[in-house]
Amino acid sequence: MAEVQWNSGLEVSRWSKELFTEAKNDTYFSRFFGGSSSAIHVLSDLKAAKGKDITIGLKMKIEGDGITGDGTLAGNEVTMDTYTQTITLDQLRQGVLSKGKMHNKKVLIDYRKEALDSLKIWFAETMEKDMIDTLSGATSNSSGVATYAFGTDCTYAVWNDGGTIKQTTPAGSLAVADILTPKTISFMAARAKLIDPKMRPIRVGGKDYYVLIVHPETARELKNDSTWQNAQQYAMPRGGDNPLFTGALGMWDGVVVHEHDGIQKMTVNSINANRNLFMGAQAGLVAFGGDHSWHEETVDRGNKLSVSASIIYEMAKAKFDSKDFGVIENVAAATSMT
């Protein structure tokens with residue numbers, strides 16, 4: 001009797017696709033993924049093409065009063081300013097190795113399935129940390145490109161306006177009382193519309209929103225705020241099934257607030273603080289050079305099975321003309337819970 005045997009290549013292809021899809025979806029930030037009007041702009045130009053770089057551009061609004069009546073336009077035209085940012089992709093790899101056939105025989109587990117699950121978790125957590133570190137400007141603000149907001153009403157602020165740092169009070173002046181409040185959120189929402197270049201909001205259902213991702217310690221302070229508590233009963237949009245609103249703590253002044261334990265912590269003037277992220281459209285960029293690759297091979301004369309996976313991608317904070325484009329870092333004091 002003839003027997004049907006599936007080509008092993010089909011299994012590898014299915015698992016690599018499953019790894020890519022689920023690892024990406026398991027990241028909290030995937031709800032912010034999308035086109036150029038989303039908080040995280042996903043670029044897939046190189047998924048099916050050769051190349052290591054992706055260059056994206058931003059066209060600024062044209063300025064000027066225009067010409068009225070029969071005034072002469074020739075010679076009075078205005079320029080269109082455009083800026084570009086290049087993202088260079090790299091490869092990320094991880095793998096697991098079985099102890100051996102005898103060890104696997106002792107337990108009722110599917111080694112390949114466990115390998116897939118473990119790799120999905122590792123890739124999701126690693127890529128998510130990469131995104132947070134990138135948006136947080138993990139290096140420092142000494143280069144003059146980071147945008148910070150300190151204090152309950154942003155009394156202490158560092159704004160990257162027109163390439164010039166404007167600082168009212170040194171960061172070291174952060175006090176224990178400088179926690180995140182609704183007033184802080186309103187200040188950042190207003191400031192986002194005034195900095196140069198202006199932060200583009202995220203358009204959902206014809207309305208404009210921003211996103212604020214806070215550390216659990218900051219979330220605790222905010223949830224204890226009476227103004228925030230009173231506003232949340234009717235804060236979220238009715239029928240708000242867009243991923244932007246999924247799992248949100250609430251909303252204030254058009255800012256959707258989310259909580260994430262991966263938000264960076266820091267110490268300012270011996271005070272525990274969190275580097276919360278206020279984002280507009282195209283705050284972050286993610287470029288994929290393809291789905292995950294899946295590889296299996298036996299070692300030790302066939303006794304052990306090595307399972308590995310890799311992905312070519314890169315993450316970046318959007319910067320045009322060397323200026324932060326879509327993110328404000330809110331440094332808020334908070335009671336440490338660790």
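Going by the structure above, here's the rest.
From a predicted model like this one, the values you see are computed outputs, not experimental measurements.

What follows concerns the pattern of salt bridges. One pass over the structure, following the stated rule, counts 7 salt bridges. Between Lys129 and Asp133 there is a salt bridge; the shortest N-O distance is 2.7 Å. With Lys129 and Asp133 both in helix 3 (residues 111-135), this residue pair falls 4 residues apart, about one helical turn. Judged by relative accessible area, Lys129 falls into the exposed class, the value being 53%. Overall, Asp133 belongs to the partly exposed group, its relative accessible area being 21%. The salt bridge involving Glu217 is made with Lys265; its shortest N-O contact spans 2.9 Å. Here Glu217, found in helix 5 (residues 216-223), pairs with Lys265, found in strand 13 (residues 265-268); they are 48 residues apart in sequence, far enough to count as distant. Among the residues examined, Glu217 registers a relative accessible area of 2% and is labelled buried. Residue Lys265 is classed as partly exposed on the basis of its relative accessible area of 34%.

With that settled, the discussion passes to the pairing of strand 14 (residues 271-279). Along any regular strand the residues' side chains alternate between the sheet's two faces. By the criterion of burial, strand 14 is predominantly enclosed, with 9 of the 9 residues buried. Both faces of strand 14 are covered, namely the face carrying Ile271, Ala273, Arg275, Leu277 and Met279 and the face carrying Asn272, Asn274, Asn276 and Phe278. Pairing between strand 10 (residues 207-214) and strand 14: 3 bridges, direction antiparallel. Note that in strand 14 the partner of Leu212 across the bridge is Phe278. What sits between strand 13 and strand 14 in their antiparallel hairpin is a turn of 2 residues, with Asn269 showing a positive phi close to 55°.

Glancing now at a nonpolar patch on the surface. There is a patch of nonpolar side chains on the surface, built from Ile62, Val78 and Met80 and spanning about 310 Å² of accessible area. Relative to the elements of secondary structure, Met80 occurs in the loop between strand 3 (53-59) and strand 4 (82-88).

A separate point is the nonpolar core. Counting residues in hydrophobic clusters, the biggest one holds 41 residues, and the most contacted among them are Phe29, Phe32, Ile40, Phe123, Leu135, Leu244 and Met279. Only helix 3, strand 9 (202-204), strand 10, strand 14, strand 15 (284-288) and strand 17 (304-317) provide two or more residues apiece to this core. Per-element tally for this core: the top contributor is helix 3, with 9 residues. When residues no more than four places from it in sequence are discounted, the contact partners of Leu244 are Arg31, Phe32, Ile202, Val204, Tyr209, Val211, Val256 and His258. Ala192, Val214, Trp228 and Phe278 belong to the second-largest nonpolar core, a separate cluster that totals 18 residues.

What follows covers the environment of Tyr210. When you line up the elements, Tyr210 lands in strand 10. By relative accessible area, Tyr210 is classed as buried at 5%. Put simply, Tyr210 and Met188 are 22 residues apart on the chain and 9.7 Å apart in space, counted from C-alpha to C-alpha.

We now examine the packing of aromatic side chains. Overall, the coordinates contain 6 aromatic pairs when judged by the stated rule. Ring geometry for Tyr28 against Phe32: centres 6.3 Å apart, planes inclined by 65°, an arrangement best described as edge-to-face. The two residues Tyr28 and Phe32 agree in class, both being buried. Taken together through their ring pairs, the aromatic side chains of Tyr28, Phe29 and Phe32 make up a single cluster.

What counts and what doesn't
- Residues numbered from 1 in each chain as written.
- Predicted model: local features only at pLDDT ≥ 70, side-chain atom pairs only at ≥ 80, totals over all residues.
- Heavy atoms only, no water.
- Salt bridge = Lys/Arg side-chain N within 4 Å of Asp/Glu carboxyl O.
- Helix = DSSP H or I, 4+ residues; strand = E, 2+ residues; numbered from the N terminus.
- Buried < 20%, exposed > 50% of the residue type's maximum accessible area, 1.4 Å probe, protein only.
- Pairing = 2+ DSSP bridges.
- Patch = residues over 30% accessible without salt bridge, like charges linked within 9 Å, V, L, I, M, F, W, Y side chains within 5 Å.
- Areas by Shrake-Rupley, 256 points an atom, 1.4 Å probe, with all protein chains shown as cover.
- Core = buried A, V, L, I, M, F, W, Y, C linked by side-chain atoms within 4.5 Å.
- Contact = heavy atoms within 4.5 Å.
- Phe/Tyr/Trp six-rings, centres within 6.5 Å; stacked < 30°, edge-to-face > 60°.

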